[in-house]
Amino acid sequence: MARKSFTKEEIKQLVEDENVEFIRVTFTDVLGAIKNVEVPTSQLDKVLANDLMFDGSSIEGFVRINESDMYLYPDLSTFMIFPWATDSHGGKVARLVADIYTADREPFAGDPRHALREALASARKAGFTAFNVGTEPEFFLFKLDELGNPTTELNDQGGYFDLAPLDRGENVRREIVLTLEKMGFEIEAAHHEVAEGQHEVDFKYASALEAADNIQTFKLVVKTIARKNGYYATFMPKPVAGINGSGMHTNMSLFRDSENSFEDVSDEMGLSKTAYNFLGGLLAHATAITALANPTVNSYKRLTPGFEAPVYVAWSASNRSPMVRVPASRGKSTRLELRSVDPTANPYTTLAAILVAGLDGIKNELEPLASVDKNIYLMDETERVKAGITDLPDTLLAAVRELSADQTVISAIGTHIADKFIEAKKIEYTSYRQYVSEWETDAYFENY
Ligand SMILES: Nc1ncnc2c1ncn2[C@@H]1O[C@H](COP(=O)(O)OP(=O)(O)OP(=O)(O)O)[C@@H](O)[C@H]1O
Ligand SMILES: N[C@@H](CCC(=O)O)C(=O)O
Ligand SMILES: [Mg+2]
Ligand SMILES: [Mg+2]
């Protein structure tokens, strides 16, 4: 599936025919936040001529104040009209995702979308025409109070695949699905997840750049439609202690034209040498990738035993406790599912890191360890050591240290992004360490 690339004339025509009055030009900062500048359609020619400028020094992880002028180059294939948004005259709002260029009109090294483009160029050099990615983002719905502020009260008490009345998110989810369909998403499934108030909407895989844009659009749609219905949607990985957190399982495969390079019908598991070596690369660089795939302090509260989230670097075809699962489908759907990723990940840098790790595995013919076919949570440490199973980092700081030591993963995101990301994450971790939590006062106050 490839999205249609519009010409400038087609976009101008659509803007006129559909009565679009505002264009939002969006991009993503180093930490994964979506940013946008909104311009009236009178500025459309300027936008399409790549002449829209902004101050890069005000964006997290971009540039210093003395080199702040940057250009937004819209990617014409990302034109989309927001079905929910109209201005006071009933005019519509559309968006274009942009690449960032410097004042010298060079691609900007701090642009996460640029990092993913570079990784995709490496995949093409290695003979692959597409890196296909399908994600399964999970989120929680909380109630809003009368003033419209989020509360800590979940929207329902439902569980996995429950129906209404236990599932009170049914109508919101349906509206999310319909909105996404109007925006061109192909929705494969939507359901209540295991935890109370937790939901999942799955959309069809796409080539990595489109998949990353889709994730950012998806989060915006979920938050917008939830709020319209009196709920607050959060993609925080572990919003409530003691119940499942929210992951964003990331399914992936490499294609050569229409052929899935991960499939080999002659292999016992139906997987090709390319797939095994990609998996070998993914496992070899897993601890460094974790810093990007799980980039918040809270991410590590999800990666704990017993909540369907992975804790160890391992893979399996038959069970869901390891970090990588090989889902049973074959043919075009032959894929690896990385289960550690959570929805706070910057999709551009995370996919760049995953792809470069996999390509490193292919280039250096890295073999994965034997698959683990037991529930890893039930294995003791001796059994795990014997099977070569290692731990995923257990804190943001540990993950950031792994990233700092992995030149392959750093090369995937570039040193500009790596330096800014590592610096910001160390500050975030220090700020967390300075906070004294209720758990600590409960555990220590009266005992010492
Ligand atoms: N060849 C492929 N490459 C990448 N992604 C793919 C490929 N084939 C299917 N997918 C995507 O994988 C995702 C599968 O989601 P689905 O919820 O069915 O998986 P699951 O892991 O079995 O579910 P769960 O983990 O919730 O039990 C979808 O986004 C789908 O489009
Ligand atoms: N919510 C689980 C995943 C549940 C599932 O298998 O879909 C997680 O944290 O990853
Ligand atoms: Mg799920
Ligand atoms: Mg899954």
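Coordinates for the structure precede this section.
Residues numbered from 1 in each chain as written. Chains lettered and ligands numbered in written order. Predicted model: local features only at pLDDT ≥ 70, side-chain atom pairs only at ≥ 80, totals over all residues. Heavy atoms only, no water.

Chemist: Which residues make up the nonpolar core, and what are the values?
Modeler: The biggest cluster of nonpolar side chains holds 95 residues, and the ones touching the most others in it are Phe62, Phe131 and Phe278. Counting 23 residues, the second largest nonpolar core, distinct from the first, contains Val93, Leu141, Ile225 and Ala233. (Core = buried A, V, L, I, M, F, W, Y, C linked by side-chain atoms within 4.5 Å. Buried < 20%, exposed > 50% of the residue type's maximum accessible area, 1.4 Å probe, protein only.)

Chemist: An account of the environment of Thr408 is requested, with residue identities and associated values reported.
Modeler: Summarising the element assignment, Thr408 is placed in helix H12 (residues 407-433). C-alpha of Thr408 to C-alpha of Leu76: the two residues are 332 residues apart in sequence and 31 Å apart in space. The residues touching Thr408, leaving out its near neighbours within four places in the chain, are His285, Val356 and Asp360. (Helix = DSSP H or I, 4+ residues; strand = E, 2+ residues; numbered from the N terminus. Contact = heavy atoms within 4.5 Å.)

Chemist: Outline the coordination of the magnesium ion (ligand 4), listing residues and values.
Modeler: Protein coordination of the magnesium ion (ligand 4) is provided by Glu136 (OE), Glu136 (OE), His249 (ND1) and Glu337 (OE), with donor distances spanning 1.9 to 2.5 Å. Geometry at the magnesium ion (ligand 4) is irregular, judged from its six donor atoms and the angles of 53 to 167° they form at the metal. In this structure the magnesium ion (ligand 3) is found 5.5 Å away from the magnesium ion (ligand 4). With Glu136 in strand S7 (residues 130-144) and His249 in strand S13 (residues 248-256), this pair connects stretches of sequence that are 113 residues apart. This pair shows no difference in class: Glu136 is buried, exactly as His249 is. (Donors = N, O, S within 2.8 Å, 3.2 Å for Na, K, Ca; no water. Tetrahedral: all angles 85-135°; square planar, octahedral: opposite > 155°, others 65-115°.)

Chemist: An account of the site of ligand 1 is needed here, citing residue identities and associated values.
Modeler: Near ligand 1 lie 23 residues; those nearest to it are Ser253, Arg320, Arg325, Lys332 and Glu337. Tyr205 is positioned with one of its backbone polar atoms (N or O) 2.9 Å from an oxygen atom of ligand 1. Contact with the protein chains hides 85% of the accessible area of ligand 1, taken as 660 Å² for the molecule alone. Mapped onto the shell around ligand 1, the elements with two or more residues apiece are S7, strand S10 (198-203) and S13. Here the shell around ligand 1 is composed, by residue class, of three nonpolar, nine polar and 11 charged. (Near = heavy atom within 4 Å. Polar contact = N/O pair within 3.5 Å; in protein donor to acceptor, adjacent residues only side chain to side chain. Areas by Shrake-Rupley, 256 points an atom, 1.4 Å probe, with all protein chains shown as cover. Nonpolar A, V, L, I, M, F, W, Y, C, P; charged D, E, K, R; others polar.)

Chemist: Which residues make up the coordination of the magnesium ion (ligand 3), and what values do they have?
Modeler: Bound to the magnesium ion (ligand 3) on the protein side are Glu138 (OE), Glu193 (OE) and Glu200 (OE), at distances that span 1.9 to 2.2 Å. Coordination of the magnesium ion (ligand 3) draws on donor residues from a single chain, spaced E-x54-E-x6-E in sequence.

Chemist: Describe in detail the site of ligand 2, supporting the description with residues and values.
Modeler: By nearness alone, every residue bordering ligand 2 is listed as Glu138, Glu193, Gln198, Glu200, Asn244, Gly245, Gly247, His249, Arg302, Glu308, Ala309 and Arg339. At 3.1 Å from an oxygen atom of ligand 2 is found a side-chain nitrogen or oxygen belonging to Arg339. Relative to its unbound accessible surface of 300 Å², ligand 2 loses 95% to contact with the protein. Assessed atom by atom at 2 Å from the grid points, ligand 2 resides in the largest pocket. Each residue belonging to the shell around ligand 2 can be placed in one class, and the counts come to one nonpolar, five polar and six charged. (1 Å grid on protein atoms, 1.4 Å probe; cavity = no way out; pocket = protein on both sides within 12 Å on 5 of 7 lines; lining within 4 Å. Sits in = over half its atoms within 2 Å of the grid points.)

Chemist: Can you lay out the pairing of strand S9 (residues 187-192) for me, pointing to particular residues and giving the numbers?
Modeler: Where S9 meets S10, five bridges bridge the pair, whose relative direction is antiparallel. Of the residues in S10, the one forming a bridge with Ile187 is Phe203. As consecutive antiparallel partners, S9 and S10 are separated by five residues, and within that stretch Gly197 has a phi angle of approximately 70°, a positive value. (Pairing = 2+ DSSP bridges.)

Chemist: Quick one: what's the story with the packing of aromatic side chains, residue by residue and with numbers?
Modeler: All told, the structure shown has 16 aromatic pairs when counted by the stated rule. By the ring-pair criterion, three or more aromatic residues cluster together here, those being Phe139, Phe185, Phe203, Phe218 and Phe235. (Phe/Tyr/Trp six-rings, centres within 6.5 Å; stacked < 30°, edge-to-face > 60°.)

Chemist: Mind laying out the layout of surface pockets, listing which residues take part and the relevant values?
Modeler: Computed from the structure, the largest pocket encloses a volume of approximately 720 Å³. Along the walls of the largest pocket sit 37 residues, with Glu136, Glu200, Asp202, His249 and Glu337 positioned nearest its centre. Among the secondary structure elements, those contributing two or more residues to the lining of the largest pocket are S7, S9, S10 and S13. Looking at the lining of the largest pocket, the element that brings in the most residues is S7, giving six residues. Its residues assigned to classes, the lining of the largest pocket comprises 10 nonpolar, 12 polar and 15 charged. (Points joined across faces, edges and corners; volume = space filled by probe spheres on them.)

Chemist: How would you explain the pattern of salt bridges if you had to name every residue and give the values?
Modeler: Using the criterion set out here, one finds 17 salt bridges in the structure. Here Arg174 ties to Glu170 by a salt bridge, and the two come within 3.8 Å at their closest N and O atoms. Placement of the pair is Arg174 and Glu170 together in helix H4 (residues 170-182), with a separation of four residues, close to one helical turn. Residue classification places Arg174 among the partly exposed positions, given a relative accessible area of 47%. Between Arg325 and Glu337 there is a salt bridge, and its shortest N-O distance comes to 2.7 Å. With Arg325 in strand S17 (residues 324-325) and Glu337 in strand S18 (residues 336-338), the pair connects residues that are 12 residues apart, well separated along the chain. For Glu337, a relative accessible area of 0% puts it in the buried group. (Salt bridge = Lys/Arg side-chain N within 4 Å of Asp/Glu carboxyl O.)

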